[in-house]
Amino acid sequence: ASYTPAAEGAEATCECQGCGGGFAGDRCDACAAGYVGDASPPSTCTECTIDGHCAGGHAVSVSDDGARGACACECEGGWDPATGCGACSAGFIANGTDSCLACSMEGHCSGHATQVTSDAARQECVCTCGELWAGATCSECAAGHVFRAEWPLLCKACSMEGDCNGNADSVTDDGSRNECVCTCKAGFEGGSCDRCRAGYFVSSTGAGGVALACTQCTSADHCSGNAAAVTSDAARGLCECTCRTGWAGARCDVWTLGASASGANFSGTGFPALGSRPVYNLLSPDGTRHVVVGSDGKAYLYDATDASAAPVLIDGAYGEGSFSADGELLALQPYLFDASVFGGSPPYSPLLDMGGGGFAEFSPDDAEL
């Protein structure tokens, strides 16, 4: 630099000319373009060079960053200036050692991604798959979806209406994304929940005979309350009753113990005539006792283990009731009877007059009545 004095009578100033060493400015206190300083103001200015600052081997030029604080490399396509053009930029992956390959949705994500970039190591492309797709390359259906056979190949969402006839609690895929798997509602079965399960019958059908409603078979609703077991037939069109002792018929509504040929009254051998059909009957929990009440209020206690044994008349018992768990006691309003023996002369004498009417029931452990 050189110094030029001020003219006579003017304010004295210094003017620096021809700064050296990469410096610039009126006072040679800044770095020149293409140089970077070590401080502010700099004590030294270093020239930016490809060999010195872009040693990755893939730079086309270098300059300062404008603030003279760092050198800025201009790299070949796909290379990262921040690494001195020595590594691939985000969105690119290494293609051997001498080039970087741009990640693309078509080339790396099967055309099913919403965006794509590279991993931190710049070795693999990372796809963000669309709603229907999954997998590293978005080539698999997402959970809850299956492949569609039609072209173009798409993933179809499993649905309870479309795949389970609206009769499922939930639906998902089978794990291999080939079939939808339905968890059927109570009463339904089948891969698409299209039929009723055993113990239910079809009460409503849709197109193609698909079950729309399944009703459970119960003793109370379909077997007159007189069934020991009930299920549906193989076609799921009817309920099938297994009647308790003393009852018969498709709905267990025909009394058989001691009934006449016409079934109009109780006049069979060893069965005192009641003059009408029974209005109430009850089997003990252990299956050894059976009591029948006629419309005239007379009740008859049967030995359910011996169809030939004569029943015992229980006179004056009008209400409904229950047996104890072991069948030893019978509560038939308004009386409590000993049901353990069949000998003696009728009518049976009650153990206790409970008074009142209505319904008498033992607790499960027979501790209370």
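Residues numbered from 1 in each chain as written. Predicted model: local features only at pLDDT ≥ 70, side-chain atom pairs only at ≥ 80, totals over all residues. Heavy atoms only, no water.

K.L.:
Explain the overall build of the protein to me, please; I cannot follow it from the model alone.
P.N.:
Counting secondary structure elements, the protein contains four helices and 32 strands. Here the analysis covers contacts within the protein between residues at least 6 apart in sequence; of these, 28% occur between residues at least 24 apart. Only carbon and sulfur atoms are counted for the fraction: they give 51% of the accessible area of the protein, which is about 19900 Å². (Helix = DSSP H or I, 4+ residues; strand = E, 2+ residues; numbered from the N terminus. Contact = heavy atoms within 4.5 Å. Areas by Shrake-Rupley, 256 points an atom, 1.4 Å probe, with all protein chains shown as cover.)

K.L.:
Mind showing me how you'd approach the pairing of strand β15 (residues 168-173) here?
P.N.:
Taken residue by residue, a regular strand's side chains alternate between the two faces of the sheet. One ladder, built from five bridges, connects β15 with strand β16 (residues 180-184); its direction is antiparallel. Residue pairing for β16: A168 is matched across the bridge by C184. The turn joining β15 and β16, which pair antiparallel and follow one another in sequence, is formed by six residues; a positive phi near 95° is taken by G175. (Pairing = 2+ DSSP bridges.)

K.L.:
Can you walk me through the side chain of R177 in this structure?
P.N.:
Structurally, R177 can be placed in the loop between β15 and β16. Separated by 2.8 Å, the side chains of R177 and D173 make a polar contact. Once residues within four sequence positions are removed from consideration, R177 is found in contact with C141, A142, A143, H145, V146 and F147. (Polar contact = N/O pair within 3.5 Å; in protein donor to acceptor, adjacent residues only side chain to side chain.)

K.L.:
Quick question: what am I supposed to make of the pattern of salt bridges here?
P.N.:
Once their charged atoms are close, side chains differing in charge can pair, the charge on each being opposite to the other. Tallying each qualifying case throughout the model produces six salt bridges. For D64, the salt bridge identified is with R68, shortest N-O distance 3.0 Å. Measuring nitrogen to oxygen at the nearest pair gives 3.6 Å for the salt bridge that ties R195 to E189. With relative accessibility at 27%, the residue E189 sits in the partly exposed group. Among the ionic contacts, a cluster of salt bridges with common partners joins E189, D194, R195 and R236. (Salt bridge = Lys/Arg side-chain N within 4 Å of Asp/Glu carboxyl O. Buried < 20%, exposed > 50% of the residue type's maximum accessible area, 1.4 Å probe, protein only.)

K.L.:
Before we go on, may I ask you to explain the confidence of the model for the protein in this structure?
P.N.:
Per-residue pLDDT for the protein averages 83, and the proportion of residues at 70 or more is 82%. Of all helices and strands in the protein, the one with the weakest mean pLDDT is strand β25 (residues 278-283) (68), whereas strand β10 (residues 125-129) scores best (97). This stretch, residues 258-276, has a pLDDT under 50; its non-local contacts, to residues over four places away or in other chains, come to 37 contacts. (pLDDT = per-residue confidence, 0-100.)

K.L.:
Would you mind going over the sheet that holds strand β30 (residues 329-332) with me for this structure?
P.N.:
Whether parallel or antiparallel, the strands of a sheet pair through hydrogen bonds between backbone atoms. Taken in spatial order, the four strands make up an open sheet running β29-β30-β31-β32, and their pairing is antiparallel. Single-partner strands in this sheet number two, and they are β29 (321-323) and β32 (352-353). Bridging between β30 and strand β31 (residues 335-338) involves four bridges; their strand directions are antiparallel. Within the sheet, the bridge partner assigned to L332 lies in β31 and is Y335.

K.L.:
I keep staring at the state of the cysteines and nothing clicks. Help me out?
P.N.:
The bond known as a disulfide is covalent and runs between the sulfur atoms of two cysteines. Applying the stated criterion to the full structure yields 17 disulfides. For C164, the disulfide goes to C182, at an S-S distance of 2.0 Å. Note on the C164 and C182 pair: the S-S dihedral is about -90°, so by sign convention the disulfide is left-handed. Of this pair, C164 sits in helix α3 (residues 160-164) while C182 sits in strand β16; the two residues are 18 residues apart in sequence, bridging distant segments of the chain. Residues C164 and C182 agree in their burial class; the two are buried. Two residues, C223 and C241, share a disulfide whose sulfurs are 2.0 Å apart. Judged by the sign of its S-S torsion, about -85°, the cystine formed by C223 and C241 is left-handed. (Disulfide = S-S within 2.5 Å.)

K.L.:
I'm lost on unusual backbone geometry in this one. Help?
P.N.:
The residue after S40, namely P41, is reached through a cis peptide bond having omega -5°. For N165, which is not glycine, the phi dihedral falls at a positive 55°. With respect to the element layout, N165 can be found in the loop between α3 and β15. With a phi close to 65°, R177 is a non-glycine residue in the positive phi region.

K.L.:
Could you clarify how one ought to interpret the packing of aromatic side chains in this entry?
P.N.:
Each aromatic ring pair is described using two quantities: the centre-to-centre distance and the angle formed by the ring planes. In the structure shown here, the tally under the stated rule is two aromatic pairs. Taking the centre distance of 5.9 Å and the plane angle of 70° together, the rings of Y335 and F337 count as edge-to-face. (Phe/Tyr/Trp six-rings, centres within 6.5 Å; stacked < 30°, edge-to-face > 60°.)

K.L.:
So what exactly am I meant to see when it comes to the environment of G22 here?
P.N.:
Note that G22 resides in the segment before β1 (23-24). Residue G22 is classed as buried on the basis of its relative accessible area of 13%. Separated by 14 residues in sequence, G22 and V36 place their C-alpha atoms 8.6 Å apart.

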